[in-house]
Amino acid sequence: QPIQAAMFADIARAYWRQWGTPSDEGDPSWRLWAADLVEKATLGFSAWRGGALLGLAVGHLVGAAKLPLPAGWVPASEWRRRTAEESPASLAFFLRIAAANVRLRSAAAAAGRTSEAELDFLWVAKEARGLGLSKTLLALFSAELRQAGAARSSKENDDAGEELEEEISEQSLQPEVS
């Protein structure tokens, strides 16, 4: 089903399930990550079974309307403030990832690779891996982009991703892998 900003708590938990450890479950940075994602999102899809979130594909189309935020929304700026107070190292890590993404977009643009949309988060719960859910979510996401008129897409990556993954391992944060 299409994502909605009201799924914020589920999206935050998906981030935490992907990258977190039991010791940092209460860390506000997971809500910062999710709020930042939802505030820029214009489209996305979710997969559910029995009330449990099994997968997400969330992104944004340049120039498209953002998802409406529910009443009582706590903005990313507030989660950033709370994270700075309670977990400065988590905020520094978040900012490093954000800077790496800016560098990737700039390098792609300088090389003539522009895109009209970005897939910001693709996640499938460990128990749903191997069922083709990622392919289904990506197909829905791509179809929505085509329907909206997006003609160009690209995949960008650099060494920063590998460096960040090493840092995660050094901090004993073990991402779920299939």
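Residues numbered from 1 in each chain as written. Predicted model: local features only at pLDDT ≥ 70, side-chain atom pairs only at ≥ 80, totals over all residues. Heavy atoms only, no water.

K.L.:
I keep staring at the overall build of the protein and nothing clicks. Help me out?
P.N.:
Counting its secondary structure elements, the protein contains six helices and three strands. Along the protein, helices and strands appear, N-terminal first, in the series α-α-β-β-α-α-β-α-α. When burial is assessed residue by residue, the protein has 39% of its 178 residues classed as buried. Look at the contacts in the protein between residues 6 or more apart in sequence, and 73% of them connect residues 24 or more apart. Carbon and sulfur atoms provide 53% of the accessible area of the protein, an area that totals close to 10000 Å². (Helix = DSSP H or I, 4+ residues; strand = E, 2+ residues; numbered from the N terminus. Buried < 20%, exposed > 50% of the residue type's maximum accessible area, 1.4 Å probe, protein only. Contact = heavy atoms within 4.5 Å. Areas by Shrake-Rupley, 256 points an atom, 1.4 Å probe, with all protein chains shown as cover.)

K.L.:
Mind showing me how you'd approach the sheet that holds strand β2 (residues 52-61) here?
P.N.:
Note on sheets: strands pair through backbone hydrogen bonds, and any given pair is parallel or antiparallel. Taken in spatial order, the three strands line up as β1-β2-β3 in an open sheet, and their pairing is antiparallel. Across the chains shown, the open sheet's two edge strands, defined by having one partner strand only, are β1 (43-49) and β3 (117-124). Ignoring strand direction, the axes of neighbouring strands in this sheet form an average angle of 5 degrees. As paired elements, β2 and β3 share seven bridges and run antiparallel to each other. Its bridge partner lying in β3, V58 is registered against F121. (Pairing = 2+ DSSP bridges. Axes fitted to C-alpha atoms, helices over the stretch in contact; angles between N-to-C directions.)

K.L.:
Whenever I open this one, the confidence of the model for the protein confuses me. Can you help?
P.N.:
Low-confidence regions, as indicated by low pLDDT, have predicted coordinates that should not be scrutinised in detail. Chain-level statistics for the protein give a pLDDT mean of 79 and a share of 80% at 70 or above. Across the protein, the element-wise mean pLDDT spans from 51 in helix α6 (residues 159-170) up to 92 in helix α3 (residues 76-86). Segment residues 168-178: pLDDT under 50, and 23 contacts once partners within four positions in sequence are set aside and those in other chains are kept. (pLDDT = per-residue confidence, 0-100.)

K.L.:
Mind showing me how you'd approach the environment of L95 here?
P.N.:
The residue L95 is located in helix α4 (residues 88-110) in this model. The sequence separation of L95 and R80 amounts to 15 residues, and the corresponding C-alpha distance is 10.0 Å.

K.L.:
Is there a simple way to explain the packing of aromatic side chains in this structure?
P.N.:
The relation between two aromatic rings is expressed through the spacing of the ring centres and the mutual angle of the planes. On inspection of all chains with the given rule, the structure shows three aromatic pairs. Ring plane angle 40 degrees and centroid distance 6.5 Å describe the contact between W33 and F93, whose orientation is recorded as tilted. Of the two residues, W33 sits in helix α2 (residues 29-40) while F93 sits in helix α4, which places them 60 residues apart along the sequence. Across the pair, F93 and W33 agree in class, each one buried. Taken together, W30, W33, F93 and F94 form an aromatic cluster joined through their ring pairs. Residue placement shows R82 over the ring face of W79; its charged tip is 4.4 Å from the ring centre. (Phe/Tyr/Trp six-rings, centres within 6.5 Å; stacked < 30°, edge-to-face > 60°. Lys NZ or Arg CZ within 6 Å of the ring centre and 35° of its normal.)

K.L.:
Before we go on, may I ask you to explain a nonpolar patch on the surface in this structure?
P.N.:
On the surface, a nonpolar cluster with roughly 200 Å² of combined accessible area is contributed by L119, L122 and L138. Assignment of secondary structure puts L122 in strand β3. Taking the relative accessible area as the measure of exposure, L122 reaches 34% and is therefore partly exposed. (Patch = residues over 30% accessible without salt bridge, like charges linked within 9 Å, V, L, I, M, F, W, Y side chains within 5 Å. Salt bridge = Lys/Arg side-chain N within 4 Å of Asp/Glu carboxyl O.)

K.L.:
I tried to follow the pattern of salt bridges on my own but got confused; where do I start?
P.N.:
For the structure on display, the rule yields four salt bridges. The partner of K40 in a salt bridge is D120, and the shortest N-O contact between them spans 3.7 Å. Note that K40 is positioned in helix α2 and D120 in strand β3, a separation of 80 residues in sequence. When the shortest N-O distance is used, the salt bridge between E85 and R81 registers 2.6 Å.

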